[in-house]
Amino acid sequence: MPKVIIDMHEIEVPEGSTILQAARQLGASYAPPAMCYYTKLEGSGGKCRTCLVKVTQNSAKDTKGTPKLVASCRTVVADGMVVENFISEEVVSARKDVVELLLINHPLDCPVCDQAGECDLQNLAFAHGEEITAYEEPRRQYPVQDIGPLIKLHMNRCILCYRCVYVADQLTDQRQHGVLGRGDAAEIGTYIKKAIQNDFSGNMIDVCPVGALTDKTFRFKSRVWFTKPMNAHRDCKMCSGKVVLWLKGSEVLRVTGRKDAFGESLEFICNGCRFESKALEQWTVEGPATVDVRSVISQNHYDAQSRPAWETHALLD
Ligand code: SF4
Ligand code: FES
């Protein structure tokens, strides 16, 4: 098993692990942010560049480093590799630039976006972003596209991470949408105005790191930090039936999959659980869900020590 040093901490990881996976094994405080990589989605990663790190030593045998920063989600570790993440000024500065790039076309409509409070880009901008931008051109604007009765597409907010395309490809038996066009003309769409309808399509909402895909049955019902997330389960023939209910009193405002410490779905759930089971009696409630420490929902529930390093650094700046 190769040994790798990340931010001065050594860890032994399985052969073939990427730097990002190794850093995640060290803990959330050591893991670079990731906007496009998703463990359960084959081929994901390598699109957003938020996970850049500096390799100062390639391996025990090759003590040179790589001249340029590398995407940690796509770079496999070698025995004796030394990596700098948060301790490298070059990495921190590059991440600021990446945030600025991602925000070039992303509208700053957090006050009216359903994703606010659990948006990876919002967290990333808070931790790494600058208050100003060098970009003066008009932002891209897309006409509203109707992709069916359950999911709302806000293409203006999309950062083209491709996660939703991989979900459609790998989880459902029919993919009706994809990335159309290339370069600054690239956009998510269905091309011939099709509704996205299949039993697992709702998972696209869970994997979307921004508010480009939102749940139509939850839109504008409540800010997420005013709801109470509870783990619950039910017998379901399509999926595990293990979900999080977002409650206001006893009203189920929305149903989502459960997520791990890195904001990734533990299990993908079916549309029956997500959209059609909004009565509390249909569920066995297990207890409060563990909330992502970076979410405002967790405000005052965690001390600074348990926050990821990148957020603690931002708070100390
Ligand atoms: S809609 Fe969301 S998940 Fe799909 S590519 Fe855009 S940002 Fe990624
Ligand atoms: S998470 Fe590595 S490039 Fe996006």
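Residues numbered from 1 in each chain as written. Chains lettered and ligands numbered in written order. Predicted model: local features only at pLDDT ≥ 70, side-chain atom pairs only at ≥ 80, totals over all residues.

Undergrad: It is not clear to me how the site of ligand 1 should be interpreted in this structure. Could you clarify?
TA: Neighbouring ligand 1 are 14 residues, the closest being Cys158, Cys161, Cys164, Cys208 and Ala212. For the shell around ligand 1, the per-class residue count stands at 13 nonpolar, no polar and one charged. (Near = placed C-beta within 6 Å. Nonpolar A, V, L, I, M, F, W, Y, C, P; charged D, E, K, R; others polar.)

Undergrad: Would you take a moment to explain helix H3 (residues 120-128) for this structure?
TA: For the α-helix, the turn length of 3.6 residues means that residues three or four positions removed from each other point alike. By the criterion of burial, H3 is predominantly enclosed, with eight of the nine residues buried. Listed in full, the buried residues belonging to H3 are Asp120, Leu121, Gln122, Asn123, Leu124, Ala125, Ala127 and His128. (Buried ≥ 20, exposed ≤ 12 C-beta atoms within 10 Å, placed from the backbone. Helix = DSSP H or I, 4+ residues; strand = E, 2+ residues; numbered from the N terminus.)

Undergrad: What am I meant to see in the nonpolar core here?
TA: Generally speaking, soluble globular proteins have nonpolar side chains that are buried together. With 57 residues, the main nonpolar core has Cys164 and Met204 as its most contacted residues. A total of five residues in this core trace back to one element, the largest contributor, which is helix H4 (residues 163-171). Looking at this core, you find at least three residues from each of domain 1 (3-97) and domain 2 (103-220). Apart from residues no more than four positions distant in its own chain, Cys164 is found in contact with Ile188, Met204, Val207, Cys208 and Leu213. Counting 12 residues, the second-largest nonpolar core is a separate cluster that includes Val243, Val252, Cys273 and Trp283. (Core = buried A, V, L, I, M, F, W, Y, C linked by C-beta atoms within 7 Å. Domains from an automatic or database assignment. Contact = placed C-beta atoms within 7 Å.)

Undergrad: It is not clear to me how the confidence of the model for the protein should be interpreted in this structure. Could you clarify?
TA: Parts of the prediction with low pLDDT should not have their coordinates interpreted in detail. Considering every residue of the protein, the mean pLDDT works out to 89; 92% of them sit at 70 or more. For residues 312-317, every residue scores under 50 in pLDDT, and the model assigns this stretch six contacts once sequence neighbours within four places are set aside. (pLDDT = per-residue confidence, 0-100.)

Undergrad: Any chance you could explain the sheet that holds strand S4 (residues 70-71) here in plain terms?
TA: The strands making up a sheet are joined through hydrogen bonds of the backbone, oriented either antiparallel or parallel. If you walk across this open sheet you meet the five strands as S2-S1-S5-S3-S4, and the pairing is mixed. Looking along the sheet, the strands with just one partner apiece sit at the ends: strand S2 (9-12) and S4. In terms of strand pairing, strand S1 (residues 3-6) meets strand S5 (residues 81-84) through three bridges, oriented parallel. From the neighbouring strand, Ile6 faces S5, where its bridge partner is Val83. Strands strand S3 (52-57) and S5 of the sheet are contacted by helix H2 (residues 89-102), whose axis makes an angle of about 155 degrees with S3. (Pairing = 2+ DSSP bridges. Axes fitted to C-alpha atoms, helices over the stretch in contact; angles between N-to-C directions.)

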